Amino acid sequence: MVVWKNPILRSVFLGSLGLFLLSLLWAFIKFGKGGGKLIVHYDVLKSVNLWGISRDVFGIVVFGLTLGLMNFFLSEAVFFRERILSYIFALSTLFLSLIIFISIAVIISVN
């Protein structure tokens, strides 16, 4: 694996994996027992416009992990041809994990 030999790419991918796992752990601590409906989206003008269950919150994190894994393999595939593209894939994964962490934090704070 070429990406693991590059310290910048390795640290960025490990950081994004850490954020994904932290958001998954936080969501599991708050919503792990199941329960009723959760407010997934809140609009100031229209009030609550999207309800969900705890499985939907975990689905957000699993979707992000899937995209991060795809970005990792794409970064691995294009490393020798276009190295800058590998960095773009890695940084987009970090940005995605940060956005998902913020969205999980907002869902937890609203509920």
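The structure under discussion appears in the preceding block.
None of the values given here were measured: they were computed from a predicted structure. (Residues numbered from 1 in each chain as written. Predicted model: local features only at pLDDT ≥ 70, side-chain atom pairs only at ≥ 80, totals over all residues. Heavy atoms only, no water.)

Core analysis: the biggest nonpolar cluster contains eleven residues, these being F20, A27, F31, L38, V57, F58, V61, I100, I104, I107 and I108. Here the element with the most residues in this core is helix α3 (residues 83-110); it accounts for four residues. Each residue touching A27, except ones within four places of it in the same chain, is listed here: G32, V57, F58, I104 and I108. Core analysis: the second largest hydrophobic core is formed by seven residues, V3, L9, F13 and F72 among them. (Core = buried A, V, L, I, M, F, W, Y, C linked by side-chain atoms within 4.5 Å. Buried < 20%, exposed > 50% of the residue type's maximum accessible area, 1.4 Å probe, protein only. Helix = DSSP H or I, 4+ residues; strand = E, 2+ residues; numbered from the N terminus. Contact = heavy atoms within 4.5 Å.)

With that settled, consider a nonpolar patch on the surface. Where nonpolar side chains cluster on the molecular surface, the patch consists of M1, W4, L14, L17, L21, L69 and F73 and spans about 680 Å² of accessible area. At the level of secondary structure, the elements contributing two or more residues to the nonpolar patch comprise α1 (7-31) and α2 (54-77). The leading source of residues in the nonpolar patch is α1, at three residues. Along the chain, the position of F73 falls in helix α2. (Patch = residues over 30% accessible without salt bridge, like charges linked within 9 Å, V, L, I, M, F, W, Y side chains within 5 Å. Areas by Shrake-Rupley, 256 points an atom, 1.4 Å probe, with all protein chains shown as cover. Salt bridge = Lys/Arg side-chain N within 4 Å of Asp/Glu carboxyl O.)

Residue position: A90 is located in helix α3. The class of A90 is buried, set by a relative accessible area of 1%. For A90 and L14, which are 76 residues apart along the polypeptide, the C-alpha to C-alpha distance reads 9.9 Å. In this view, A90 contacts L9, V12 and F13; residues no more than four positions away in its chain are not counted.

Under the counting rule described, the total for this entry stands at six aromatic pairs. Judged by centre distance (5.8 Å) and plane angle (45 degrees), the rings of W4 and F72 are tilted. Of this pair, W4 sits in the segment before α1 while F72 sits in helix α2, and the two are 68 residues apart along the sequence. Residue F72 is classed as buried on the basis of its relative accessible area of 10%. With 5.7 Å between their ring centres and 35 degrees between their planes, W26 and F101 make a pair best called tilted. Placement of the pair is W26 in helix α1 and F101 in helix α3, with a sequence separation of 75 residues. (Phe/Tyr/Trp six-rings, centres within 6.5 Å; stacked < 30°, edge-to-face > 60°.)

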